[in-house]
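The chain contents come next:
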Amino acid sequence: TWHLKKIPQIVSKRTFSLDSPKFEAKTKLELNSVCGIECQRKLPVPSLSDLKDLLSYETVFENGTRTLTEVNVLGLALDTAGNTTTRRSLRKKRQIYGTDSRFSIYDKRFMTNFPFNTAVKISTGCSGILISPKHVLTAAHCLHNGKDYVKGSKRLRVGLMKTKSRGDGRKRKDAKRNGMPSFQWTRVKSTHIPKGWFKGVSGDIALDYDYAVLELKRPHKRKYMELGISPAIKMMPGSMIHFSGFDNDRSGQLVYRFCSISDESNDLFYQYCDAEPGSTGSGVYLRLKEPNKKKWKRKIIAVFSGHQWVDVNGEQQDYNVAVRITPLKYAQICFWIHGNDENCTQG
């Protein structure tokens, strides 16, 4: 069951202008040298003042201007237990673990219906997911390498899957036969990235903040996926998660997968869902029952960050990693969507 939780408040303290970024970083779809499972265990619990700094955020606008918004965090009960992880069995493999268990979605009836139609393509080469009539959730490293914004993020666009192809009949038939989605590209009005992603602010814990929200220039009329607070592994049916994105090795196809989670920290899920670069930034979701109802509901509980090498028992172990939507991140993303914290009290 989805459990309602009281959410801490994130409120804007002050906003000021920054110099325009250079937009010169190279897009890197796989990250190196991140804080792994053992490193996460040793990290101190961030203090309230640390969290205010990490959750302050930059906004970049379509015209290249940039602001920094400082925030206050209200009503937060700090977890003093530290960054715990759950031990599970370990395997040493690659991005495709054993048999490739991904499904390419060819049928337009599925591709253009919920939940698959919530998957979007980002013009820098990543994926994302619709979270409101005009907002998309994706990974921060699709737009920013920790030091500068990536090339192409100044004129960022989001591709929504089209239900009907325009153009000549032959093209339409080919697209239908090949199961290739066609996209309706929409310009991005602004981008929000938490300061915790920037090197020099967060040191080793940057991956915990590998998420960003894009505001579209025009609202869409599609069904989008609601945010949920990520439950612990033991609260998930079969510990299973699902996500869909546009993997590079299956060009132009929507690729769906599901798998169980192997390990977790307070902010990250470590799992062996088969995924290739291009699916980075996909929304990881779960289907649970609504409280006191018989209805089941899918909600986004994490953002897929990609393939990572992490330290486990002194040796390098690889996983595919997702950033969990904690109550604090829920509050922040909800604030970015609504522009206030009044609609974000219950998650």
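Residues numbered from 1 in each chain as written. Predicted model: local features only at pLDDT ≥ 70, side-chain atom pairs only at ≥ 80, totals over all residues. Heavy atoms only, no water.

(A) Expanded view of the overall build of the protein. The secondary structure content of the protein amounts to five helices and 17 strands. Sorting the 347 residues of the protein into buried and exposed places 55% on the buried side. When contacts within the protein are restricted to residue pairs at least 6 apart in sequence, long-range pairs at least 24 apart make up 76% of them. Working note: accessible area of the protein is about 16100 Å², and carbon and sulfur atoms make up 48% of it. (Helix = DSSP H or I, 4+ residues; strand = E, 2+ residues; numbered from the N terminus. Buried < 20%, exposed > 50% of the residue type's maximum accessible area, 1.4 Å probe, protein only. Contact = heavy atoms within 4.5 Å. Areas by Shrake-Rupley, 256 points an atom, 1.4 Å probe, with all protein chains shown as cover.)

(B) Up close: unusual backbone geometry. In this structure, F23 takes a positive phi of about 55° despite not being glycine. Looking at the element boundaries, F23 is found in the loop between β1 (9–18) and α1 (37–42). Assessed through its relative accessible area of 10%, F23 is described here as buried.

(C) The arrangement of the nonpolar core in detail. Among the nonpolar cores identified, the biggest contains 67 residues, and L55, I131, L137, V158, L227 and I333 are the most heavily contacted of them. Examining the composition of this core, we find that eight residues originate from one element, helix α5 (residues 327–338), more than from any other. Non-local contacts of I131, meaning those with residues more than four positions away in its chain, are made with V136, L137, V213, Y224, M225, L227, I300, I333 and I337. (Core = buried A, V, L, I, M, F, W, Y, C linked by side-chain atoms within 4.5 Å.)

(D) Seen up close, the pairing of strand β8 (residues 157–161). With four of its five residues buried, β8 lies for the most part within the structure. Of the strand pairs in this sheet, strand β5 (residues 119–122) and β8 are connected by three bridges, and their pairing is antiparallel. The residue bridging I122 from the neighbouring strand is V158, located in β8. Two strands pair when backbone bridges link them, and β8 and strand β9 (residues 183–194) are joined in this way by five bridges, in the antiparallel orientation. Residue pairing for β9: V158 is matched across the bridge by T186. (Pairing = 2+ DSSP bridges.)

(E) Region of the structure containing the environment of F183. When you line up the elements, F183 lands in strand β9. Residue classification places F183 among the buried positions, given a relative accessible area of 16%. F183 sits 63 residues away from V120 along the chain, and the two C-alpha atoms are 8.8 Å apart. Excluding anything up to four places from it in sequence, F183 contacts K121, G159, L160, M161, K162 and F246.

(F) Broad picture of the side chain of E264. Residue position: E264 is located in strand β13 (residues 254–264). Relative accessible area serves as the criterion here: at 9%, E264 is assigned to the buried category. At 3.3 Å, the side chain of E264 and the backbone nitrogen of I233 are in polar contact. Separated by 3.0 Å, the side chains of E264 and R324 make a polar contact. (Polar contact = N/O pair within 3.5 Å; in protein donor to acceptor, adjacent residues only side chain to side chain.)

(G) Structural view of the environment of T345. By the secondary structure assignment, T345 is in the segment after α5. Among the residues examined, T345 registers a relative accessible area of 38% and is labelled partly exposed. For T345 and Q9, which are 336 residues apart along the polypeptide, the C-alpha to C-alpha distance reads 7.2 Å. Aside from chain neighbours lying at most four places away, what touches T345 is K5, K6 and I7.

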